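Each chain is listed here by its residues.
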Amino acid sequence: MYSIIVVPPPTTEDEGTGTQYRLAPGERLVFGRSVSGGGLRIGHDGVSRRAGEIAAHGTFWTLSNLSAHQTYVVENPEGAGEHIKMAPGRLDAPVPFEFSRIVLPAAGDLLPVEVWAPRHDYLRGEDGTDGEPTAPAFSVDRTKRYFAVLAALCEPRLRGAPHAPLPTMDQVVERLRPAWPAASRTSVQWNIDYLAVKLRLKPGPETAEPGPRLNGKKESLVSLALRFDLVREDDLVVLAAPSGQVRR
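Residues numbered from 1 in each chain as written. Predicted model: local features only at pLDDT ≥ 70, side-chain atom pairs only at ≥ 80, totals over all residues. Heavy atoms only, no water.

Trainee: Now, about the pairing of strand β6 (residues 61-65): what can you tell me, with residues and values included?
Mentor: Burial within β6 is extensive, with five of its five residues counted as buried. Of the two faces of β6, the one holding Trp61, Leu63 and Asn65 and the one holding Thr62 and Ser64 are both buried throughout. Here five bridges tie strand β5 (residues 52-56) to β6, and the two strands are oriented antiparallel to one another. The residue of β6 that forms the bridge with Ala56 is Trp61. Inspection of the sheet shows β6 paired to strand β9 (residues 93-95) by three bridges, in the antiparallel sense. (Buried < 20%, exposed > 50% of the residue type's maximum accessible area, 1.4 Å probe, protein only. Helix = DSSP H or I, 4+ residues; strand = E, 2+ residues; numbered from the N terminus. Pairing = 2+ DSSP bridges.)

Below you can see the structure in the form of structure tokens.
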């Protein structure tokens, strides 16, 4: 039974052949510019001779950065910018993503090595304990207009462009029109201010201390929402909902 699948970057001699490396639990794959038989050779002058090593485990995999000076980045292409960094010399660092992209900086190029891991296992059902339920960390109602505003702000990064600029206020208003024909800059801004208070990015108006001014409010909201999965790609359906289904 194979644990992970490694897809080489297009600069290798495997280009066009569809070659994939399948690793069972306990197996390792060394990659770099000059590796011995059985390894993944990446024919680029900017890649170290022995750049790194991938090790397969039962439900996850690890990455070793064998470079002396270069940091690697492991991206979650489905995570709207989620990533982890591997410092030079870091050994056997666990990677938590089911689908990952190792980005190797190589003399001005960024070479992607894709890794497909097994589907993760999750706890099913209740824990069986009695007592009061745990209060949610963030309370959001997906039927409210503020959630549609948050979804519109998050949409560009959820659509596969993790570093996309956030939409302008006018773009948010236009995006919300199918579900909310009366949307305006004023109403959208009100909902953004409300979200900043609701998600505890700034104190509410009833607080005696006003607190510091929140700069980059939209960026802070999107960062929080994507980091804690408050908005997922499936939630973008609220932007196309018939008028009346999304309300404040």
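Trainee: Explain the sheet that holds strand β4 (residues 40-41) residue by residue, including any values.
Mentor: What the five strands build is an open sheet, ordered β4-β3-β5-β6-β9; its pairing is mixed. Two strands close off the open sheet at either side, each with one partner strand: β4 and β9.

Trainee: Got a sec to walk through the pairing of strand β1 (residues 4-7)? Specific residues and values, please.
Mentor: Along β1, one buried face is formed by Ile4 and Val6 and the opposite face, lined by Ile5 and Val7, is buried too. As defined by bridge partners, β1 adjoins strand β2 (residues 21-23) across three bridges and the pair is classed as antiparallel. Bridged to Val6 within β2 is Tyr21. In terms of strand pairing, β1 meets strand β11 (residues 109-116) through three bridges, oriented antiparallel. Directly across from Val7, in β11, lies its bridge partner Glu114.

Trainee: So what's going on with the sheet that holds β1? Which residues, and what values?
Mentor: Each strand in a sheet pairs with another by means of backbone hydrogen bonds, the pair being arranged parallel or else antiparallel. One open sheet holds the six strands; their spatial order is β2-β1-β11-β10-β7-β8, and the pairing between them is antiparallel. Each of the sheet's edge strands pairs with one partner strand only, and the pair in question is β2 and β8 (83-86). Each neighbouring strand pair of the sheet contributes to a mean axis angle of 25°, computed without reference to strand direction. Two elements, strand β7 (residues 72-75) and β8, share four bridges in a ladder whose sense is antiparallel. The residue of β8 that forms the bridge with Val74 is Ile84. (Axes fitted to C-alpha atoms, helices over the stretch in contact; angles between N-to-C directions.)

Trainee: Explain the packing of aromatic side chains to me, and be specific about the residues and the numbers.
Mentor: A complete count under the given rule lists three aromatic pairs for this structure. Between the aromatic rings of Tyr146 and Tyr194, the centroid separation amounts to 5.4 Å while the plane-to-plane angle is 50°, which identifies the pairing as tilted. A residue pair is termed long-range when its members are at least 10 positions apart, and Tyr146 in helix α1 (residues 145-158) and Tyr194 in helix α3 (residues 185-198) qualify at 48 residues. The class for Tyr146 is buried, based on a relative accessible area of 6%. Seen from their ring centres, Trp190 and Tyr194 are 5.5 Å apart, and the 5° between their planes marks the pair as stacked. (Phe/Tyr/Trp six-rings, centres within 6.5 Å; stacked < 30°, edge-to-face > 60°.)

Trainee: Tell me about the nonpolar core, and name the residues and values.
Mentor: Core analysis: the largest hydrophobic core is formed by 32 residues, its most contacted members being Cys154, Leu176, Val188 and Val231. Going through the elements one at a time, α1, α2 (169-176), α3 and α4 (217-227) are the ones with two or more residues in this core. Element by element, the count of residues in this core is highest for α1, at 10 residues. Leaving out residues up to four positions away in the same chain, Val231 has contacts with Phe147, Leu150, Ala151, Cys154, Leu158, Ala225 and Leu226. Counting 27 residues, the second-largest nonpolar core is a separate cluster that includes Leu40, Ala51, Trp61 and Ala117. (Core = buried A, V, L, I, M, F, W, Y, C linked by side-chain atoms within 4.5 Å. Contact = heavy atoms within 4.5 Å.)

Trainee: So what's going on with the pattern of salt bridges? Which residues, and what values?
Mentor: Under the definition given, this model contains 11 salt bridges. Asp92 is the salt-bridge partner of Arg28, the closest N and O atoms lying 3.2 Å from each other. Note that Arg28 is positioned in strand β3 (residues 28-32) and Asp92 in the loop between β8 and β9, a separation of 64 residues in sequence. Residue Arg28 is classed as partly exposed on the basis of its relative accessible area of 43%. Judged by its relative accessible area of 37%, Asp92 falls in the partly exposed class. In this structure, Arg101 and Glu75 form a salt bridge, with 3.1 Å as the shortest nitrogen-oxygen distance. Placement of Arg101 in strand β10 (residues 99-106) and of Glu75 in strand β7 is noted, with a sequence separation of 26 residues between them. Since its relative accessible area comes to 24%, Arg101 is described here as partly exposed. (Salt bridge = Lys/Arg side-chain N within 4 Å of Asp/Glu carboxyl O.)

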